[in-house]
Amino acid sequence: DFPNGQLPILEVDGYRMNQGDAILQFLGSRHGLLVHDAMGRYLICYYLAAMEDLFQVFYNKYIFVRDEEAKKAGKTNLTDKHLPIYAADFEKKFLEQKGDQTGWLVGGKATIADFKVVANIKTFFLHPDRKADFRPVLVKHAPTFMKYVEDKISGDFAGFFGDPTKCADYSF
């Protein structure tokens, strides 16, 4: 039994939770992976929403497209329009929050935003079948931010993701 017919699901004390970002907020609250100041909360919500926006474009305009010409156009749309805009904004926010110094996206500590962003970028854009197409765009527009992402994949989050040379095609 899947609420809304979708994954993910988390069951706690007999209560079934659904909707990935709501589950992330619950787990973040339970495990100290949120921040309590208004700007920090905004940034967490920003990263969750930005990943959802990219997810929608990635799947609806590229992955789920069957027509090869439309799929090619969807990829071009991602590499020429959406990724540069989002990557530049990620880079700006990362540097403004001194993420290059603290090693984290928000508040100088691990938050649910770090898990969501790193997992989604790894799954969507650094998957071995897609890395050659998307990584150069991300690095061009967000070099410091992408260093953070790749450092997390191979470092702090390596155990979370398993073998860093393999990339599961899933997201949370």
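Everything discussed here concerns the structure shown above.
Since we're looking at a predicted model, the values are computed, not measured.

*Asks:* It is not clear to me how the nonpolar core should be interpreted in this structure. Could you clarify?
*Replies:* Side chains of a nonpolar character, in soluble globular proteins, are inclined to be buried together. One finds Phe90, Leu105, Ile121, Phe125 and Phe145 to be the most contacted residues of the largest nonpolar core, which totals 43 residues. Listed by contribution, the elements that provide at least two residues to this core are helix H2 (38-63), helix H3 (68-96), helix H5 (112-125), helix H6 (131-141) and helix H7 (143-154). If one sorts the elements of this core by residue count, H2 sits on top with 12 residues. Excluding anything up to four places from it in sequence, Ile121 contacts Met51, Leu126, Leu138, Phe145, Met146 and Val149.

*Asks:* Just to check I follow, could you spell out the side chain of Thr123 for this structure?
*Replies:* Turning to its location among the elements, Thr123 is positioned in helix H5. A polar atom in the side chain of Thr123 sits 2.8 Å from the backbone oxygen of Ala119.

*Asks:* Even after reading the chapter, I still don't get the pairing of strand E1 (residues 9-12), so can you show me in this structure?
*Replies:* For a regular strand, side-chain orientation follows a simple rule: the groups alternate between the two sheet faces. As defined by bridge partners, E1 adjoins strand E2 (residues 15-18) across 4 bridges and the pair is classed as antiparallel. Counted as the bridge partner of Ile9 is Asn18 from E2. In textbook terms, the turn of a hairpin is the stretch between consecutive antiparallel strands, and for E1 and E2 this stretch comprises 2 residues, one of which, Asp13, has a positive phi near 50 degrees.

*Asks:* I tried to follow the packing of H3 against H6 on my own but got confused; where do I start?
*Replies:* Helix-helix packing: each pair is described by the crossing angle between the helix axes and the interaxial distance. Between H3 and H6, the shortest axis-to-axis distance is 8 Å and the interhelical angle comes to 35 degrees. Between H3 and H6 lies a crossing whose hand is right-handed. Contacts between H3 and H6 pair Lys75, Leu78, Thr79, Leu83, Pro84, Ala87, Ala88 and Glu91 from the former with Asp133, Phe134, Val137, Leu138 and His141 from the latter. Across the contact of H3 with H6, the residue classes tally to 8 nonpolar, 2 polar and 3 charged.

*Asks:* What am I meant to see in the pattern of salt bridges here?
*Replies:* Opposite charge on two side chains permits them to pair, given that their charged atoms come into close proximity. Tallying each qualifying case throughout the model produces 7 salt bridges. Between Asp89 and Lys93 there is a salt bridge, with the nearest N and O atoms lying 3.2 Å from each other. One end of the pair, Asp89, and the other, Lys93, are both in helix H3, 4 residues apart, so they sit about a helical turn from each other. Of the residues examined, Asp89 reaches a relative accessible area of 23% and is grouped as partly exposed. Given a relative accessible area of 12%, Lys93 falls into the buried group. Measuring nitrogen to oxygen at the nearest pair gives 2.7 Å for the salt bridge that ties Lys147 to Asp151. Of this pair, Lys147 and Asp151 both sit in helix H7, 4 residues apart, which is roughly one turn of that helix.

Rules of the game
- Residues numbered from 1 in each chain as written.
- Predicted model: local features only at pLDDT ≥ 70, side-chain atom pairs only at ≥ 80, totals over all residues.
- Heavy atoms only, no water.
- Core = buried A, V, L, I, M, F, W, Y, C linked by side-chain atoms within 4.5 Å.
- Buried < 20%, exposed > 50% of the residue type's maximum accessible area, 1.4 Å probe, protein only.
- Helix = DSSP H or I, 4+ residues; strand = E, 2+ residues; numbered from the N terminus.
- Contact = heavy atoms within 4.5 Å.
- Polar contact = N/O pair within 3.5 Å; in protein donor to acceptor, adjacent residues only side chain to side chain.
- Pairing = 2+ DSSP bridges.
- Axes fitted to C-alpha atoms, helices over the stretch in contact; angles between N-to-C directions.
- Left-handed = near helix turned anticlockwise from the far one by under 90°.
- Nonpolar A, V, L, I, M, F, W, Y, C, P; charged D, E, K, R; others polar.
- Salt bridge = Lys/Arg side-chain N within 4 Å of Asp/Glu carboxyl O.

What is shown is where atoms sit, not what they do.
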